[in-house]
Amino acid sequence: MRDWKRLGTGLLTALCLVVVMPSDSYAANVVTAGSGSVSTGSGGPGVSAVQPSPGGDVPGTVTSPGEDSSGTVTSPGGDSSGTVTSPGSNLPSPGDSGASGQVTLEAGASYYQYQWGLNNTGIIQRISSVFTELPIRRMPGERIWRGSGLHIGVVSQVVTDSVEGVDINVEPAWDYYQQTQSRRTVTVALIDTGVDITHTDLTDAIWVNEDEIPGDGIDNDGNGYIDDVNGWNFYSGNNQVYVGTEDDHGTHGAGTIAAAWDGKGTVGIADSSYVKIMVLKALGSADSSGDPAYVKEAIRYAEANGADICNLSMGTLAYDEELEALIRDSSMLFVIAAGNGDYFGNGYDIDTWPMYPASYTSDNIISVANLMFNGALDESSNYGAVSVDIAAPGTYILSTTPGQNYSFMSGTSMAAPMVTGVAALVYSCRTDMTLADVRQAILFSARTMEGMNGKTVTGGILDAYGAITYGRSS
């Protein structure tokens, strides 16, 4: 499995990949389906095809994820509606799994056991088919035709096992949160595609502009946006923050941050009773593209309307002085994806080849790499000892998608919302902390992990409990 995108200039690219890819499978056979069961067997998960967002590097545009090299993307189905009074507790076990590899997931059940980033029990295994090209040796008198397109090689399977405990250590953080007495409301600006605000896991997590009267066609609060009840669609210039399936990327990130703690579907990191997502749609159309100006306008809107934290799961190779200044001068904490490598999906050092805005140097940024479930960086994840702060789970992340669905996605776009969710959780209950304090808590509490040295500033991975208890005696 590879994340890839076309590289060039003037492009902001949302950084994810919808999975499961045909060449990959879960040995644990964990997928969701609207029918309540999915039959995987030995041939890999049963999936339904969806149209890819072609990666694209067109100057002056913002595009959402470029995907696998075959030009197609597959995604699990799943329309099960998604109470954990204390998230992660009293969870049902997976359904029966027989010799056929079938896993039964009942509609309305909890899928928490498949959210390895929150609680890695070691059940996931990735099996990838890898093609290794063999050299063609010419025998005396033989002629080799160049450019024929002929490749000779072997296909082998590479198995990646998950390692129990490689997760964000969120369950003790939830326990700590439940014991705190004071809370504050936190607004997270999600600048991305739109979000399916009707998804049952998200309805209580969506920001509401209390100064606006819905549907009256009047700019009641005088902020220049008519009926901006839940945010704004900067792509189309209206208040329609959810258009349809093109909004899967943002919907997925929203679920990671604050899906309901109700024991159904997936579980968000932060408490949706206090953490609200301001939906700022800057990407649109069939190929999820848009103008970078929309992102800048969205940042200004978020700042003016009281957002505390801003998630940017996107990147560009082009330095933008105006964008850098907007971020640097903002009061918000920015969590930014580090990027998914080159055209071939190989992560690279963004200290040497910058990826913006992750490579901007202001002290209100946390840039995030993609952690695999075995404790290593995903091979597609960008890195940088100076430019990338921390790693967080970003491969095979299960979360909400449009139409009451749930899908696995991979990329630094999935890792950034993990950090955003923890930042929101911490800021909500640690009323003694400023946003600068929250950033420090997240970075200084990172759990060091072998293989991260020289790859990130912290040399470690996100630790929710370490962050929420930072500066407090146990």
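What counts, and where the lines are drawn
Residues numbered from 1 in each chain as written. Predicted model: local features only at pLDDT ≥ 70, side-chain atom pairs only at ≥ 80, totals over all residues. Heavy atoms only, no water. Helix = DSSP H or I, 4+ residues; strand = E, 2+ residues; numbered from the N terminus. Polar contact = N/O pair within 3.5 Å; in protein donor to acceptor, adjacent residues only side chain to side chain. Contact = heavy atoms within 4.5 Å. Buried < 20%, exposed > 50% of the residue type's maximum accessible area, 1.4 Å probe, protein only. Phe/Tyr/Trp six-rings, centres within 6.5 Å; stacked < 30°, edge-to-face > 60°. Lys NZ or Arg CZ within 6 Å of the ring centre and 35° of its normal. Axes fitted to C-alpha atoms, helices over the stretch in contact; angles between N-to-C directions. Left-handed = near helix turned anticlockwise from the far one by under 90°. Nonpolar A, V, L, I, M, F, W, Y, C, P; charged D, E, K, R; others polar. Salt bridge = Lys/Arg side-chain N within 4 Å of Asp/Glu carboxyl O. pLDDT = per-residue confidence, 0-100. Pairing = 2+ DSSP bridges.

## Some words on the side chain of Asn-305
Argument step 1. Mapped onto the secondary structure, Asn-305 falls in the loop between α3 (292-304) and β14 (309-312).
Argument step 2. Separated by 3.3 Å, the side chains of Asn-305 and Asn-223 make a polar contact.
Argument step 3. Beyond its immediate chain neighbours, meaning those up to four positions away, Asn-305 contacts Trp-207, Asn-223 and Met-278.

## Some details on the pairing of strand β12 (residues 275-281)
Two faces belong to every sheet, and in a regular strand the side chains alternate between them.
Argument step 1. Summarising burial for β12: 7 of the 7 residues are buried, a large majority.
Argument step 2. Of the two faces of β12, both are covered, the one formed by Val-275, Ile-277, Val-279 and Lys-281 as well as the one formed by Lys-276, Met-278 and Leu-280.

## With respect to the packing of aromatic side chains
To describe a pair of aromatic rings, one takes the distance between the centres and the angle between the planes.
Argument step 1. Per the stated rule, a full pass over the model turns up 17 aromatic pairs.
Argument step 2. Arranged with centres 5.9 Å apart and planes meeting at 65 degrees, the rings of Trp-174 and Trp-261 form a pair that is edge-to-face. Here Trp-174 is found in helix α1 (residues 171-179), whereas its partner Trp-261 is found in the loop between α2 (248-258) and β12, with 87 residues between them in sequence. One exposure class covers both Trp-174 and Trp-261, and it is buried.
Argument step 3. A centroid spacing of 5.6 Å and a plane angle of 70 degrees characterise the contact between Tyr-319 and Tyr-356, whose relative ring orientation is edge-to-face. Within this pair, whereas Tyr-319 is found in the loop between β15 (314-315) and α4 (321-328), its partner Tyr-356 is found in the loop between β16 (333-337) and β17 (365-371), the two being separated by 37 residues in sequence.
Argument step 4. Taking relative accessible area as the criterion, Tyr-319 reaches 45% and is therefore assigned partly exposed.
Argument step 5. We classify Tyr-356 as buried; its relative accessible area is 15%.
Argument step 6. Taken together, the aromatic side chains of Tyr-112, Trp-174, Tyr-177 and Trp-261 make up a single cluster linked through ring pairs.
Argument step 7. Sitting over the ring of Tyr-177, Arg-183 keeps its end group 3.8 Å from the ring centre.

## Remarks on the packing of α2 against helix α5 (residues 412-429)
Argument step 1. Orientation of α2 relative to α5, taken along the N-to-C sense of each, is 35 degrees, at an axis distance of 8 Å. Seen from above, α2 lies across α5 with right-handed handedness. Mapping the contact onto sequence places His-249, His-252, Gly-253, Thr-256 and Ile-257 in α2 and Ser-413, Met-414, Pro-417, Met-418, Thr-420 and Gly-421 in α5.
Argument step 2. Residues of the contact of α2 with α5, tallied by class, amount to 4 nonpolar, 7 polar and no charged.

## A few points about the pattern of salt bridges
Argument step 1. Taken as a whole, this structure holds 10 salt bridges when the rule is applied.
Argument step 2. For Asp-432, the salt bridge is made with Arg-430, and the minimal N-O distance between the two is 2.9 Å.
Argument step 3. The network of salt bridges with common partners includes Lys-296, Arg-300, Asp-320 and Glu-322.

## Some points on the environment of Ile-336
Argument step 1. By secondary structure assignment, the location of Ile-336 is in strand β16.
Argument step 2. Residue class for Ile-336 comes out buried when judged on its relative accessible area of 0%.
Argument step 3. Distance from Ile-336 to Thr-420, taken between C-alpha atoms, is 9.1 Å for residues 84 residues apart in sequence.
Argument step 4. Not counting the four nearest positions on each side in its chain, Ile-336 is found in contact with Leu-312, Met-314, Pro-357, Ala-358, Ile-365, Ile-366, Ser-367, Val-368 and Ala-416.

## Brief notes about the environment of Ile-123
Argument step 1. As for its placement among the helices and strands, Ile-123 is situated in the loop between β7 (102-104) and β8 (125-133).
Argument step 2. By relative accessible area, which is 36% here, Ile-123 ends up partly exposed.
Argument step 3. For the pair Ile-123 and Phe-373, spaced 250 residues apart in the sequence, the C-alpha separation amounts to 10.0 Å.

## What about the confidence of the model for the protein chain?
Argument step 1. Taken residue by residue, the protein chain gives an average pLDDT of 79. The fraction at 70 or more is 73%.
Argument step 2. Contacts for the low-pLDDT stretch residues 18-86, under 50 throughout, to residues beyond four places or in other chains number 228 contacts.
Argument step 3. Within the model, the stretch residues 88-104 combines pLDDT values under 50 with 33 contacts to residues more than four positions away or in other chains.

## Focus on the pairing of β16
Argument step 1. A large share of β16 lies buried, amounting to 5 of its 5 residues.
Argument step 2. The side-chain alternation of β16 yields two buried faces, one formed by Leu-333, Val-335 and Ala-337 and the other by Phe-334 and Ile-336.
Argument step 3. Bridging between β14 and β16 involves 4 bridges; their strand directions are parallel. The residue bridging Ile-309 from the neighbouring strand is Leu-333, located in β16.
Argument step 4. Sheet topology places β16 next to β17; 4 bridges connect them, and they run parallel. The partner of Phe-334 across the bridge, within β17, is Ile-365.

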